[in-house]
Amino acid sequence: AYAGSTTSATSWLFRLYYVLSDRFPRPIQWFANLAFARYARRKYAEERPDMIIATFPFLAEVAARARDYHHGKTPIILTITDAGRVQGIWLSKVADMTLTATEDTVPYLIERGLDPSKVRYIGFPAADVFYESINQKQVRRSLGLRPDLMTILLTAGGAGLNPQKVLAVAQSISTLRVPYQLILNAGSNDDLKAGFEAMTFPYAEHVIIEGFTDKMPDYMRASDIICSKSGWLTINEALVMQRMLVLYDAVPGHEEQTVEYVVGNHFGIFEPVPHKIAGHIREFMQSPELFQQYAERMRAARTNQNPYDELAALFHSYLLK
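An account of the accompanying structure is given in this report. Since this is a predicted model, take the numbers as computed values, not measurements. (Residues numbered from 1 in each chain as written. Predicted model: local features only at pLDDT ≥ 70, side-chain atom pairs only at ≥ 80, totals over all residues. Heavy atoms only, no water.)

Let's shift gears to unusual backbone geometry. Even without a glycine there, the phi angle at Asn 162 is positive, about 50 degrees. Structurally, Asn 162 is set in the loop between strand S5 (151-155) and helix H6 (163-173). Look at Asn 162 and you get buried, because its relative accessible area is 10%. In this structure, Arg 302 is a non-glycine residue whose phi angle is positive, near 55 degrees. Structurally, the position occupied by Arg 302 is in the loop between helix H12 (288-300) and helix H13 (308-319). Among the residues examined, Arg 302 registers a relative accessible area of 53% and is labelled exposed. (Helix = DSSP H or I, 4+ residues; strand = E, 2+ residues; numbered from the N terminus. Buried < 20%, exposed > 50% of the residue type's maximum accessible area, 1.4 Å probe, protein only.)

Right, let's get into the side chain of Arg 221. Tracing the backbone through its elements, the reader meets Arg 221 in helix H8 (residues 216-222). Those residues within four positions of Arg 221 in sequence are excluded, and the remaining contacts are Val 129, Glu 132, Ile 134, Gln 136, Val 139, Met 241 and Arg 243. (Contact = heavy atoms within 4.5 Å.)

To continue, consider the packing of aromatic side chains. Evaluated as defined, the whole model comprises seven aromatic pairs. On the numbers, 6.1 Å between centres and 85 degrees between planes, the contact of Tyr 131 with Tyr 308 is edge-to-face. Taken together, the residues span a long stretch of sequence, with Tyr 131 in the loop between strand S4 (119-121) and helix H5 (136-142) and Tyr 308 in helix H13 at a distance of 177 residues. Exposure remark for Tyr 308: the relative accessible area of 28% places this residue in the partly exposed category. Taken together, the ring pairs in this structure connect Phe 124, Trp 232, Tyr 261 and Phe 267 into an aromatic cluster. Stacked on the ring of Tyr 318, the Lys or Arg Lys 321 has its end atom at 4.1 Å from the ring centre. (Phe/Tyr/Trp six-rings, centres within 6.5 Å; stacked < 30°, edge-to-face > 60°. Lys NZ or Arg CZ within 6 Å of the ring centre and 35° of its normal.)

Next up on the list: helix H10 (residues 254-264). Buried residues of H10: Glu 255, Gln 257, Thr 258, Val 259, Tyr 261 and Val 262, and no others. In the core, the buried residues of H10 are packed alongside helix H1 (11-23), strand S8 (225-229), helix H9 (232-240), strand S9 (244-249) and strand S10 (268-270).

With respect to the element layout, Gly 123 can be found in the loop between S4 and H5. Separated by 184 residues in the primary sequence, Gly 123 and Pro 307 place their C-alpha atoms 5.8 Å from one another. Leaving out residues up to four positions away in the same chain, Gly 123 has contacts with Thr 100 and Ala 101.

Take the sheet that holds strand S2 (residues 76-80) next. One key point about sheets: their strands pair by backbone hydrogen bonds, in either a parallel or an antiparallel sense. The strand order across the open sheet built from four strands is S1-S2-S3-S4, with neighbouring strands paired in parallel fashion. A single partner strand is all that each edge strand has here, and the edge strands are strand S1 (52-54) and S4. Neighbour-to-neighbour, the strand axes of this sheet turn through a mean angle of 25 degrees, independent of strand direction. For strand S3 (residues 97-100) and S4, the ladder comprises three bridges, and the chain directions are parallel. In the strand pairing of S4, Thr 100 is matched with Tyr 121. Along the sheet, helix H3 (residues 57-69) contacts S1 and S2; its crossing angle with S2, the most-contacted strand, is approximately 175 degrees. Contacts between H13 and the sheet are confined to S1, S2, S3 and S4, with S3 contributing the most and set at about 175 degrees to the helix. (Pairing = 2+ DSSP bridges. Axes fitted to C-alpha atoms, helices over the stretch in contact; angles between N-to-C directions.)

Moving on, we come to H9. Within H9, seven of the nine residues are buried, leaving the element largely enclosed by the surrounding structure. Along H9, the residues classified as buried are Trp 232, Thr 234, Ile 235, Asn 236, Ala 238, Leu 239 and Val 240. Elements in contact with the buried residues of H9: S5, H8, S8, S9, H10 and H12. Just past H9, the residue Gln 242 takes up positive phi, approximately 55 degrees.

To continue, consider the sheet that holds S9. On the basis of which strands lie adjacent, the open sheet formed by six strands has the order S7-S6-S5-S8-S9-S10 and parallel pairing. The sheet terminates laterally at strand S7 (204-210) and S10, the two strands that pair on one side only. Each strand axis lies, on average, 15 degrees off the axis of its neighbour in the sheet, ignoring direction. Judged from the six bridges that link them, strand S6 (residues 180-185) and S7 form a sheet pairing that is parallel. Looking at the pairing, Asn 185 lines up with Glu 210 of S7.

This is how it looks when you write it as structure tokens:
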């Protein structure tokens, strides 16, 4: 179902799901409790945890019911990594603390009824490797790329969703008539990878084509522009590395909120029409000062701030209670 979430035939179903689950989250939470209550009670009794960190919202409700069933006092910390006006099913009043990745999410959660003392902005959580200081030219050399040439990463995400659109974006990039380097990532979609391999990029000095890979941190480090679907994980990592974003697609609902966040903060652009992508990239290549403005906005917003010391201190404070 998710694989078809951005296609014209099924996107309306995802928009309907988003609207209903945003406005009426209780039925989904009720179903989750019905499905997982017995398992959660058993696991709570077995583990007697000192703290529960919930990365999936309505399962926080399940955990809270299991805790209360056993008369426990385990604190529950809920993490929200989406941006902006997050979906209603991500909200839970049972959490002792809700952590957000973006500052603008905090007033929104309070507006929707969460206790202000139990909501806290923590920043962008990503793997440690994304926070490391790196020499971009050195990374490019290690990948066989020229160290001094504009490099573009086009990624379809881990699952390689909406391959027709991704190929159309790649086709647009192929029309660039200035030297550049290109990294194409098809995720686990073998047909998309084959589509990339069948294409030609006349002005690209180097082209790297990958499927699902553990080299993504290096590919992102090597890139000046990351062209991606609006999935928060990729955007999160790109912002931590402070790379310019060109977004070409968004799942209706929650990813549209992500687009608003990126575009509204001038961290990147959204262009859903594939053949226009090359024009935007060309503009950035020809206007270094415009490109620099996006980098400055990310630096000013401290998107590369590592939150883990603060997280560790917070967790420690709960464990001491």
